[in-house]
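Summary of the model geometry
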Amino acid sequence: MFLSRQRSGVPASLFLVVMGGLVLLCGSVRSSYGLTRESPEVKKAVAEATEYLKSAKTTRVGGEALLGLALLKAGVAKDDPRVVQALKAVRQQSSRSTYEFGELYTPAVFVTFLLEFRDPQYDPDVKKLVRYLESSARPYGAWGYPKGHGHDETSDTSMTQYVMLALWEADRSNISVSPRVIENAAVWLSKTQDPSGGFGYQGKIATGAGLVKQSAVSVSLTTAGLCATYLAEDTLGLLRKNKKEDDGLPPGLSRVDTSKKSSKKTSLSPTLFHGIEGRSNAWLEKNLTFSITYYQYYFAYIYERYWSLREYGGDRANGDWYTWLARNLLDKQGKDGSWTGHHGPAIETSFCVLALVRAMDNTLKQDRTYGTGNLVGGRGLPKDSDLVKIRDGKVVSEGEATALDILLKDVTKSKDGEYEKAIGQLDNLPPDEAKVYVSKQAARLRELAGGTSADDRLVAVKALARAGTLDDVPTLIYVLTDPESEIVLAARDGLRRISRKIHGFEMPDDFEERDRQQAINRWKAWFLAIRPDAEFEN
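Residues numbered from 1 in each chain as written. Predicted model: local features only at pLDDT ≥ 70, side-chain atom pairs only at ≥ 80, totals over all residues. Heavy atoms only, no water.

Some points on the overall build of the protein
When helices and strands are tallied, the protein shows 23 helices and 2 strands. Per-residue burial for the protein yields a buried fraction of 51% across its 538 residues. At a minimum sequence separation of 6, the contacts of the protein that also span at least 24 residues come to 68%. Of the roughly 25,100 Å² that the protein leaves accessible, carbon and sulfur atoms contribute 52%. (Helix = DSSP H or I, 4+ residues; strand = E, 2+ residues; numbered from the N terminus. Buried < 20%, exposed > 50% of the residue type's maximum accessible area, 1.4 Å probe, protein only. Contact = heavy atoms within 4.5 Å. Areas by Shrake-Rupley, 256 points an atom, 1.4 Å probe, with all protein chains shown as cover.)

Below is the structure:
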């Protein structure tokens, strides 16, 4: 009807122009359909970008790690010459006995990159990097630039979320991460959120019940703060899920997810995290834009992570966020396949590739797929997956359970490297099961905690701390006198776990003798209030 009226009163030439415009309009509508990482235009953009990255150069070793990570996430082989080049550069620094990084982005990205290989031979480097990142946290819980960079007294929201990503990745790969470090970071995030719900650059810590105004609040930093919050929540076992994954096991069996903590590992309330997330999500809905000066591709990488974590935690996507993000990126890609910006084309292009291929979503799904006895590079389901047994309806490795039993029966006869393995297994057990293991050898472990071997003392203290019984409190208080600071801190963390005092008596990591003695006296007073007949060795 409409076309017949047009034809009756409009010259043929003008009709053709009108129809041509309608064809163009239809083409425009068609091109605005939703995009996914599998869309032809997205795959083409990623292919061109990876070709660019294979010959790209960056002067930063952290940039090498990011570039290598982008190539791996895009499906480039691990033995590709550019990936090998990046790995060589990273390992030259990650394998050193001591680290001297000018910022913490670099070691954090090192961890993420090395874990992507899913190869246990890089675990020693990852573990050292994790310990370095943990020890680099500021007293109030987060991470920032070292002295001399102009921000000596504050922590950096952006840097903190990169460190949290590294620690989260390590935790999922069964590499021990201190819950206390994660808890402290979560508390810092809760105290540095702007009253509007956004996050700023250098967090100003609220000292009272209310929030304080932050400076430089932005879309990218708010997304960074949200990512750090979700990562902390998940690492501590609190991130809620709204659907059950198909684990491929027969009916009646459930999977022991060794890539993650199997139960809550903190006394922090989920309400802390939900409050941060609710305020920040609302702020983003009001202020979201891609018109970001300097850091729009850095933001793109974070934004994909944010939505992947949010969806993983049970939230439905609010609109087609990926289409919005991908179109903004595709419109700005250069003819050579790169993106250019403040950080240089190699790094900016890496950010964009990681966003387009959905790097975080890829990681979340990686850890939930079965291989031949593997989840993550030899971690997860045991290599001896034919030797599994059912315990309380769950699949566990008989080989690993036996190794833990043997090790705890006589720690002094265990081989080099087995101490950390055993404690890692204890960390993956539910609290009640850990108590059963440790209680069998509690007397022996208490004896070892005061022995002459530092290795024996450390494994004994960590085991007693993991079991978390009041009977072990006097031993742990005694261990606070140990000459090795690592052992002292393990005992301190065990006392905090048992007492439910997250910041118990404020003994810092870099404690002095005065701090130590004050903590000992306070712990004794606390325990005597519970058990007046308690006796102490010190």
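So much for the structure itself; the text now carries on.
Some words on the confidence of the model for the protein
In the predicted model, the protein carries a mean pLDDT of 74, and 71% of its residues have values of at least 70. Confidence, read as mean pLDDT per element, is least for helix α1 (residues 2–9) in the protein (36) and greatest for helix α3 (residues 40–54) (92). Counted against residues more than four places away or in other chains, residues 242–262, with its pLDDT under 50, gives 44 contacts. Residue range residues 367–403 is modelled with pLDDT below 50. Its contacts to residues more than four positions away, or to other chains, number 77 contacts. (pLDDT = per-residue confidence, 0-100.)

A short note on the packing of helix α22 (residues 485–499) against helix α23 (residues 513–530)
Close contact between α22 and α23 brings their axes to 12 Å; oriented N to C, the two are set at 30°. It follows from the interaxial angle that α22 and α23 lie roughly parallel. For the element pair α22 and α23, the recorded crossing hand is left-handed. Across the interface between the two elements, Val 488, Leu 495, Arg 496 and Ser 499 of α22 pack against Arg 516, Trp 523 and Trp 526 of α23. Class assignment of the residues belonging to the contact of α22 with α23 gives a composition of 4 nonpolar, 1 polar and 2 charged. (Axes fitted to C-alpha atoms, helices over the stretch in contact; angles between N-to-C directions. Parallel < 35°, antiparallel > 145°, perpendicular 65-115°, else oblique. Left-handed = near helix turned anticlockwise from the far one by under 90°. Nonpolar A, V, L, I, M, F, W, Y, C, P; charged D, E, K, R; others polar.)

Some words on helix α19 (residues 442–449)
Restricting attention to buried positions, one finds in α19 the residues Ala 442, Leu 445, Leu 448 and Ala 449. An end-on view of α19 places all buried positions within 125° of arc, on one side of the element. Exposed and oriented more than 90 degrees from the buried face of α19 are Ala 443 and Glu 447. (Arc of directions from axis to C-beta.)

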